[in-house]
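Observations on chain architecture
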Amino acid sequence: MSALRLRGVIPSPEFVRSFTLFWSLSALKRNITVYDWDAAYESELQIFQESGDAGEIWFGEESMIRLIRWMEKQKIPLDSSVLDIGTGNGVLLVELVKDFLTPSAELSGFQICIDKGTFDAISLNPDNAAEKRKQYVKSLCTVLKMEGFFLITSCNWTKEELLNEFREGFEILEELPTPKFCFGGRIGNSVTALVFQRKK
């Protein structure tokens, strides 16, 4: 695959749920129910059917291309199990399944976990955010296989901060290139994208 091809397809609610763990929601102890998610998925599906709009792609198409190119470069096997944490509208999973990986309904023992903004959202929780972040890392360790890869894209955390948050249980493998900007004479990144590997 030389470039990501978005086909304007949104998965069914059943497809998305089969690839999504709701551990982050239970860790936050929110009052969000399966009914709430069903209603949200049905609304997104109806919008897609009426307009063909697949919805928001967190961090843009280039973020999906960046992740898929990294997986290709690493020669990730086609039968690898992947968890898209938070998954949003599922566009990344649809592209991975169509162009790269084989789908699986298993909800543990993942070889790759991908986060594009879920850790950011959990970090913004006003009720004991530090504990919620620790629970996220602990939950991640339970679903990611030893020596599995964790790819995270964040708009709220710098590389150094993410290294600190994931210091226990993970080692940094690579920082993926992301868009840069200049403000006040300083250069920075609009997002941070890192690849971690779970330690033995």
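Residues numbered from 1 in each chain as written. Predicted model: local features only at pLDDT ≥ 70, side-chain atom pairs only at ≥ 80, totals over all residues. Heavy atoms only, no water.

Description of the overall build of the protein chain
Filter applied, for reference: Numbered from the N terminus, helices here are DSSP runs of H or I no shorter than four residues, and strands are runs of E no shorter than two. Whether a residue is buried, partly exposed or exposed follows from its accessible area with a 1.4 Å probe, protein chains only, as a fraction of its type maximum: under 20%, in between, or over 50%, in that order. Residue contacts are defined here by distance: any two heavy atoms, one from each residue, within 4.5 Å place the two residues in contact. The method behind every accessible area is Shrake-Rupley, applied with a 1.4 Å probe, and residues are considered shielded solely by the protein chains displayed.
Regarding its fold elements, the protein chain presents 8 helices and 7 strands. Counting over 200 residues, the protein chain shows a buried share of 46%. Pairs at least 24 residues apart make up 79% of the contacts formed inside the protein chain by residues separated by at least 6 positions. Accessible area of the protein chain: about 10,700 Å², with a carbon and sulfur share of 53%.

Examining the packing of aromatic side chains
Going by this rule: Centres within 6.5 Å are what make two rings of Phe, Tyr or Trp a pair, Trp counting through its six-membered ring; a difference in plane orientation under 30 degrees is then read as stacked, over 60 as edge-to-face, and the rest as tilted.
Throughout the structure, instances matching the rule amount to 12 aromatic pairs. Plain terms: the ring middles of Phe-150 and Phe-196 are 6.2 Å apart, the flat faces sit at 25 degrees to each other, and that makes the pair stacked. With Phe-150 in strand S3 (residues 144–154) and Phe-196 in strand S7 (residues 192–198), the pair connects residues that are 46 residues apart, well separated along the chain. Of the two residues, Phe-150 and Phe-196, both sit in the buried class. Through successive ring pairs, a cluster of aromatic residues spans Phe-119, Tyr-136, Phe-150, Trp-157, Phe-166, Phe-170 and Phe-196.

Brief notes about the pattern of salt bridges
Worth spelling out the cut-off: For salt bridges, the criterion is a side-chain nitrogen of Lys or Arg within 4 Å of an Asp or Glu carboxyl oxygen.
A complete count under the given rule lists 4 salt bridges for this structure. Note that Glu-147 is salt-bridged to Lys-200, the shortest N-O span being 3.6 Å. Separated by 53 residues along the polypeptide, Glu-147 in strand S3 and Lys-200 in the segment after S7 bring together distant segments of the chain. A relative accessible area of 41% places Glu-147 in the partly exposed class.

Structural notes on the state of the cysteines
Just so we agree on the cut-off: Working definition: a disulfide is two cysteine sulfur atoms within 2.5 Å of each other.
Throughout the structure, instances matching the rule amount to 0 disulfides. In this model Cys-141 remains outside any disulfide bridge; the closest cysteine sulfur is found in Cys-113, 9.7 Å from its own.

Some words on helix H4 (residues 61–73)
Spacing of three or four residues puts side chains on the same side of an α-helix, whose turn is 3.6 residues. As a reminder of what qualifies: Take the residue count of a helix, subtract one, and multiply by 1.5 Å to get its expected span.
With 13 residues, H4 should cover 18 Å at 1.5 Å per step; its first-to-last C-alpha distance of 18 Å lies within 8% of that length. Inspection of H4 places Ser-63, Met-64, Arg-66, Leu-67, Ile-68, Trp-70 and Met-71 among the buried residues, and these make up the whole buried set. Where H4 ends, the next residue or the one after it, Lys-75, has phi of about 55 degrees, a positive value.

Details of the nonpolar core
Worth spelling out the cut-off: Nonpolar cores were defined as sets of buried Ala, Val, Leu, Ile, Met, Phe, Trp, Tyr and Cys residues, with membership established by side-chain atoms within 4.5 Å.
Core analysis: the largest hydrophobic core is formed by 20 residues, its most contacted members being Cys-113, Tyr-136, Leu-140, Phe-150, Ile-152, Phe-166 and Phe-170. Elements with a contribution of two residues or more to this core: strand S1 (82–85), strand S2 (110–116), helix H6 (118–123), helix H7 (129–143), S3 and S7. The element that contributes the greatest number of residues to this core is H7, accounting for 5 residues. Membership of the second largest hydrophobic core comes to 17 residues, among which are Val-91, Leu-96, Phe-149 and Leu-176.

A short note on the confidence of the model for the protein chain
Going by this rule: Confidence of the predictor in every single residue is expressed as pLDDT, which spans 0 to 100.
Scored by pLDDT, the protein chain comes out at a mean of 75, with 70% of its residues at no less than 70. Across residues 1–32, where pLDDT falls below 50, the model places 84 contacts with residues more than four positions away in sequence or in other chains.

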